[in-house]
Amino acid sequence: MTGAAVLCRGVGKSYPSAAGRVQAVSGADLEVRAGEVMFLVGPSGCGKTTLISIIAGVLRRDTGECRILGTDLDTLAPAAASAFRRRHIGFVFQAFNLIPTLTAQENVAVPMLLNGAARSAARRAALEALEAVELGAHAAKRPSQLSGGQQQRVALARAIVHGPALVVCDEPTSALDHHTGMEVMRLLRRLAHERDSTLLVVTHDHRIYEFADRIAEMDDGRILRVGAPRPNDGSTVP
Ligand SMILES: Nc1ncnc2c1ncn2[C@@H]1O[C@H](COP(=O)(O)OP(=O)(O)OP(=O)(O)O)[C@@H](O)[C@H]1O
Ligand SMILES: [Mg+2]
């Protein structure tokens, strides 16, 4: 695919609160090219989760424009928007959101089943995705029987099992030690590359900046600038 995987212009979103409305995102512009690894960074509360939730189609914007893989999800009927999201987007949440009563393999199979795959095909694809994140031997375990890093990798496997064109991750390494965080990022980058996916990753973690093609800096609900990562100091080169 060529062109922009994500194109946001002037996106705004507010939430109701006791003291009136909180403007979480206000006039955010962001373009993510097809096939690139884009990081989204910025201080806590600046609107990162809100913006990527809009991009991933799990939250509706109030204002602005947003085209994901060429489609404005807000113009689709709810059922069509859900179908589009299930088919083309993988989402890794800030909390892993694994289903505690299902095994690792069953958790990873969920997106395939929601897309209408046969049970046997979903199980096979789930095992392959778990093998890709080096957890094939743990397929039958439930989340509570896995370490934080292993649960994070199950969440990654679930996000990529159906071959989505866009994978959106919220803080995929924040709960992990340095070594495991680097491993997870290396894996994510390789999987995205092999599967020809675009990757948008929210992170606070300066240690993994080297994995980005470009970094978008956000503050106060806006994207301030976008640039290539500069080694070691966590800043960007425009
Ligand atoms: N569901 C909600 N209801 C009301 N306010 C919210 C809600 N979600 C987020 N906010 C507010 O919107 C603003 C942006 O929140 P958001 O979660 O997008 O920030 P963030 O950049 O992801 O922060 P963090 O790095 O801490 O995860 C914050 O002021 C937050 O308090
Ligand atoms: Mg957040």
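Residues numbered from 1 in each chain as written. Chains lettered and ligands numbered in written order. Predicted model: local features only at pLDDT ≥ 70, side-chain atom pairs only at ≥ 80, totals over all residues. Heavy atoms only, no water.

As annotated in an unreviewed UniProt entry, the chain is ABC transporter ATP-binding protein from Azospirillum oleiclasticum.

## Section: the side chain of T50
Structurally, T50 can be placed in helix α1 (residues 48-55). You can call T50 buried: its relative accessible area is 8%. Excluding its chain neighbours within four sequence positions, the residues that come into contact with T50 are K13, Y15, A24, V25 and L59. (Helix = DSSP H or I, 4+ residues; strand = E, 2+ residues; numbered from the N terminus. Buried < 20%, exposed > 50% of the residue type's maximum accessible area, 1.4 Å probe, protein only. Contact = heavy atoms within 4.5 Å.)

## Some details on the sheet that holds strand β2 (residues 20-33)
Pairing within the open sheet is antiparallel, and its 3 strands lie in the order β2-β1-β4. Edge strands, defined here as strands with exactly one partner in the open sheet, are β2 and β4 (63-68). Within this sheet the neighbouring strands show an average axis-to-axis angle of 25 degrees, counted without direction. Alignment of strand β1 (residues 4-17) against β4, held across 5 bridges, turns out to be antiparallel. Residue pairing in the sheet places V6 in a bridge with I68 of β4. Helix-sheet contacts for α1 involve β1, β2 and β4, and the interaxial angle to β1 is about 125 degrees. (Pairing = 2+ DSSP bridges. Axes fitted to C-alpha atoms, helices over the stretch in contact; angles between N-to-C directions.)

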